[in-house]
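Reading the structure
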Amino acid sequence: MDTKAPITQDVLTIPRKLPDGPTNLVGLTRDAMRDALIAAGTPEKQAKMRVGQIWQWIYHWGVRDFAQMTNLAKDYRVMLAENFVVAIPEVVTRQVSEDGTRKYLVRIAGGHEVEVVYIPETDRGTLCISSQVGCTLTCSFCHTGTQKLVRNLTAGEIIGQVMVARDDLGEWPVPGAPKDETRLLSNIVLMGMGEPLYNFENVRDAMKIAMDPDGIQLSRRRITLSTSGVVPEIARTAQEIGCQLAISFHATTDEVRDTLVPINKRWPIAELLDALRTYPKVSNSERITFEYVMLDGVNDSDADARRLIKLIDGIPAKINLIPFNEWPGAPYRRSSNNRIRAFADIIYKAGYASPIRTPRGEDIMAACGQLKSATERARKSKAQIAQETGL
Ligand code: SAH
Ligand code: SF4
């Protein structure tokens, strides 16, 4: 019998009722779009072709207005405009950091807001997207975990964040212009707000759209999903999405991980590692990223580094060390640079890449774990966090 306290998902379910209004085409899978077009009167034998045409307009060219879909008959465009919309989240604010990082606050249905961060680097541009409003989990070092109100984002709201960024970066192709192979937005990381594996279907459908060769066309190798360790969904992630996987590992004993990443009480380190051993083979990915936040005096000793190496033995891995990003009221401090370097060195000498993540966009609170929408002010109390994490 399982005696462990279950971690419930407890997601606020907002009825997604759109009976009278037009249906948003953004976020529908190809099959769902086909069904929607048929229901609106498209002859069945034409439906697949129409999906192909509309799909290209929306996801390749970035067109939102049916009137501009010029390879469709005028009457058909009118029918589309009567029944459907092509809608993405609305940008409420856009902040640009001194280092070029951009943070967007976007509004979604129900008036909720989530944050999206674009991080330009010399050889790539990474978009960090959110999968939930807030998070049901309560990792004690994470700002998002203190946000009380939670709902899952729809697939349209997830892929819509990518479309928002492409709009802002001016990255939709221009008809007739020579094909530009350089991508400002070349990578996606699901490392914003929320636990993506607690919103599996919507995340999967959105990432399928991002990978679709007739649209945004990002390789599955350029998409990384980060999870705190929802073990039962890991095999499915390999089979149904096939993207790169990052694990919020953060500790080398169950005792410490229980306090930092409370989902560890449900699926402890040994079970998590078992699930990870098969991931690279099934998903055909090269290696798994282990994220490890460096917390002064909590998880950053030499002994921790050595235990980490032992634990991941046999897993093709890279260890991403994240200097803790502080937020108001955070109960931890960042490890010193010397400590982080010493830790990285032990791991590197054992044969693993151990990059130290440079905090980006700190001046606009865009760094890892700092995201929390200002409108969702209902904070969990310190006592509640302490109770939930056992700290
Ligand atoms: N919920 C998912 C994805 C979002 S968090 C997950 O937990 O994996 C993205 C990464 O930022 C995770 O590794 C998370 O542990 C880390 N993180 C959270 N708060 C942080 C903070 N204050 N400083 C540094 N990293 C943090
Ligand atoms: Fe949720 Fe990830 Fe933050 Fe944990 S680290 S509270 S799983 S967003």
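Quick summary incoming for the structure in this document.

Considering helix 9 (residues 302-311)
By the burial criterion, the buried members of helix 9 are Asp 304, Ala 305, Leu 308 and Ile 309. When helix 9 is viewed along its axis, its buried side chains cluster within an angular range of 140 degrees and face the same direction. The elements touched by buried residues of helix 9 are strand 12 (288-294), strand 13 (317-323) and helix 10 (337-349).

Concerning the pattern of salt bridges
Should their charged atoms come close, side chains of opposite charge can pair. For the structure shown, the criterion picks out 21 salt bridges. Across the salt bridge formed by Asp 304 and Arg 307, the nearest N and O atoms sit 3.0 Å from each other. With Asp 304 and Arg 307 both in helix 9 and 3 residues apart, the pair spans about one turn of that helix.

Quick notes on the site of ligand 1
Inspection of the region around ligand 1 gives 22 residues, with Gly 194, Ser 226, Ser 248, His 250 and Asn 325 positioned closest. Here a nitrogen atom of ligand 1 and a backbone polar atom of Gly 194 are 2.8 Å apart. When residues of the shell around ligand 1 are traced back to their parent elements, those giving at least two are strand 10 (223-227), strand 12 and strand 13. Classifying every residue of the shell around ligand 1 by side-chain character gives 11 nonpolar, 9 polar and 2 charged.

A few points about the nonpolar core
Counting residues in hydrophobic clusters, the biggest one holds 105 residues, and the most contacted among them are Ile 58, Phe 141, Ile 159, Met 207, Leu 276 and Phe 290. Tallying contributions element by element places helix 4 (residues 155-169) first for this core, with 8 residues. The two domains that each donate at least three residues to this core are domain 1 (23-85) and domain 2 (90-389). Residues in contact with Ile 58, not counting those within four places in the same chain, are Leu 25, Val 26, Met 33, Val 63, Met 69, Val 86, Met 163 and Trp 172. Residues Val 117, Val 189, Ile 364 and Ala 366 belong to the second largest nonpolar core, which totals 6 residues.

Here we look at the site of ligand 2
Looking at ligand 2, the residues that line it are Cys 135, Leu 137, Cys 139, Cys 142, Gly 145, Gly 194 and Ser 228. Looking at the shell around ligand 2 residue by residue, the class counts come to 4 nonpolar, 3 polar and no charged.

Here we look at the pairing of strand 10
If a strand is regular, its side chains alternate between the two faces of the sheet. Judged by how many residues are buried, strand 10 sits mostly within the fold: 5 of 5 residues are covered. The two faces of strand 10 match: Ile 223, Leu 225 and Thr 227 on one face and Thr 224 and Ser 226 on the other face are all buried. Considered for its hand, the β-α-β crossover made up of strand 9 (residues 187-190), helix 5 (residues 200-211) and strand 10 is right-handed. For the crossover from strand 10 across helix 6 (residues 234-241) to strand 11 (residues 244-248), the handedness is right-handed.

Topic: helix 2 (residues 44-60)
A rise of 1.5 Å per residue sets the reference length of helix 2, with its 17 residues, at 24 Å; its end C-alpha atoms lie 24 Å apart and thus fit the reference within 8%. Approximately 25 degrees is the largest bend angle found in helix 2, and it occurs at Arg 50. For helix 2, the complete set of buried residues consists of Ala 47, Arg 50, Val 51, Gln 53, Ile 54, Trp 55, Trp 57, Ile 58 and Tyr 59. Buried residues belonging to helix 2 abut helix 1 (30-39), helix 3 (74-83), helix 4 and helix 5. A positive backbone phi angle near 75 degrees is found at Gly 62, which sits one or two residues after helix 2.

Side note on the side chain of Ser 130
With respect to the helices and strands, Ser 130 occurs in the loop between strand 6 (125-128) and strand 7 (132-133). Discounting residues that sit within four places of it in the chain, Ser 130 has contacts with Val 114, Glu 115, Leu 153, Ile 158, Gln 161, Gly 192 and Met 193.

Considering the environment of Thr 224
Along the polypeptide, Thr 224 turns up in strand 10. Residues within four places of Thr 224 in sequence aside, it is in contact with Ile 188, Val 189, Leu 190, Met 191, Gln 244, Leu 245 and Ala 246.

Description of the sheet that holds strand 4 (residues 102-107)
Strand order in the open sheet formed by 9 strands is 3-4-5-6-9-10-11-12-13, and the pairing between neighbours is mixed. The open sheet has two edge strands with one neighbour each: strand 3 (90-96) and strand 13. Across the sheet, the mean angle separating the axes of adjacent strands is 20 degrees when strand polarity is ignored. In this sheet, strand 9 lies alongside strand 6 in parallel orientation, the contact comprising 3 bridges. Residue pairing in the sheet places Leu 127 in a bridge with Ile 188 of strand 9. Along the sheet face, helix 4 touches strand 3, strand 4, strand 5 (113-120), strand 6 and strand 9 and points at about 125 degrees away from the line of strand 4.

Digging into the environment of Ile 38
Tracing the backbone shows Ile 38 in helix 1. Take Ile 38: its relative accessible area is 23%, and that puts it in the partly exposed class. For the pair Ile 38 and Lys 48, spaced 10 residues apart in sequence, the C-alpha separation works out to 9.7 Å. Excluding anything up to four places from it in sequence, Ile 38 contacts Glu 44 and Ala 47.

A look at the packing of aromatic side chains
Geometrically, a pair of aromatic rings is defined through the distance of the ring centres and the angle of the planes. Counted under the stated rule, the structure contains 4 aromatic pairs. Ring centres 6.2 Å apart and planes at 90 degrees place the aromatic pair Phe 324 and Tyr 332 in the edge-to-face group. Judged on exposure class, the residue Phe 324 and its partner Tyr 332 are both buried. Over the face of the ring belonging to Trp 55 we find Arg 30, whose NZ or CZ atom lies 4.5 Å from the ring centre. Lying across the ring of Trp 172, Arg 166 places its NZ or CZ 4.6 Å from the centre.

Re the packing of helix 1 against helix 2
At a minimum axis separation of 9 Å, helix 1 and helix 2 run at an interaxial angle of 120 degrees. Between helix 1 and helix 2, the angle falls in the class oblique. Of the two elements, helix 1 crosses helix 2, and the hand of that crossing is right-handed. Contact with helix 1, carried on its side by Arg 30, Met 33, Arg 34, Leu 37 and Ile 38, involves Glu 44, Ala 47, Lys 48, Arg 50, Val 51, Gly 52, Ile 54, Trp 55 and Ile 58 of helix 2 and no other residues of that element.

What counts as what
For every chain, the first residue of the written sequence is number 1, and numbering continues from 1 onward in sequence order. Whichever chain is written first is A, and whichever ligand is written first is 1; the rest continue in order. The predicted origin of the model limits local features to residues at a pLDDT of at least 70 and limits the giving and counting of side-chain atom pairs to 80 or more, whereas totals for whole chains, interfaces and linings rest on all residues. As a rule here, side-chain values come from all non-hydrogen atoms in the structure, and water together with hydrogens is ignored. Remark: exposure states derive from per-residue accessible area (1.4 Å probe, protein chains only) relative to the maximum for the residue type, with buried under 20%, exposed over 50%, and partly exposed in between. Only DSSP runs of H or I with at least four residues qualify as helices, and only runs of E with at least two residues qualify as strands; both kinds are numbered from the N terminus onward. Here the arc refers to the set of directions running from the helix axis out to each C-beta atom. Note on definitions: a residue-residue contact is assigned when non-hydrogen atoms from the two residues lie within 4.5 Å. Within this document, salt bridges are pairs made up of a side-chain nitrogen of Lys or Arg and a carboxyl oxygen of Asp or Glu, the two lying within 4 Å of each other. Residue proximity to a molecule or strand is established when one non-hydrogen atom of the residue lies within 4 Å of it. As used in this structure description, the phrase polar contact means that two N or O atoms lie within 3.5 Å; if the pair is within protein, one of them must be able to donate a hydrogen and the other to accept it, and residues adjacent in sequence are counted only when both atoms belong to side chains. Nonpolar residues are Ala, Val, Leu, Ile, Met, Phe, Trp, Tyr, Cys and Pro. Charged residues are Asp, Glu, Lys and Arg, and all others, Gly as well, are polar. Nine residue types can take part in a nonpolar core, namely buried Ala, Val, Leu, Ile, Met, Phe, Trp, Tyr and Cys, and a core is a set of them joined through side-chain atoms within 4.5 Å. Just so you know, the domain bounds were taken from an automatic or database domain assignment. Orienting the strands away from the viewer, one traces the path from the first strand over the helix to the second; a clockwise path indicates a right-handed crossover. Here the expected length of a helix is defined as 1.5 Å per residue gap, with one fewer gap than residues. The quantity called bend is, for any residue, the angle between two axes fitted respectively to the seven residues ending at it and the seven beginning at it. Here a strand pair is declared whenever DSSP counts at least two bridges between the two strands. The angle between two axes is taken between their N-to-C directions and runs from 0 to 180 degrees, where each axis is a line fitted to C-alpha atoms and a helix contributes only its stretch in contact. Side-chain rings of Phe, Tyr and Trp, where Trp is taken by its six-membered ring, are said to pair if the distance between their centres is within 6.5 Å; with planes under 30 degrees apart they count as stacked, over 60 as edge-to-face, and otherwise as tilted. Comment: the charge-over-ring label is applied if NZ (Lys) or CZ (Arg) is within 6 Å of the ring centre and within 35 degrees of the ring normal. Comment on the angle field: the value is read as roughly parallel under 35 degrees, roughly antiparallel over 145, roughly perpendicular from 65 to 115, and oblique elsewhere. What makes a crossing left-handed is the near helix being turned counterclockwise from the far one by less than a right angle; a clockwise turn instead makes it right-handed.

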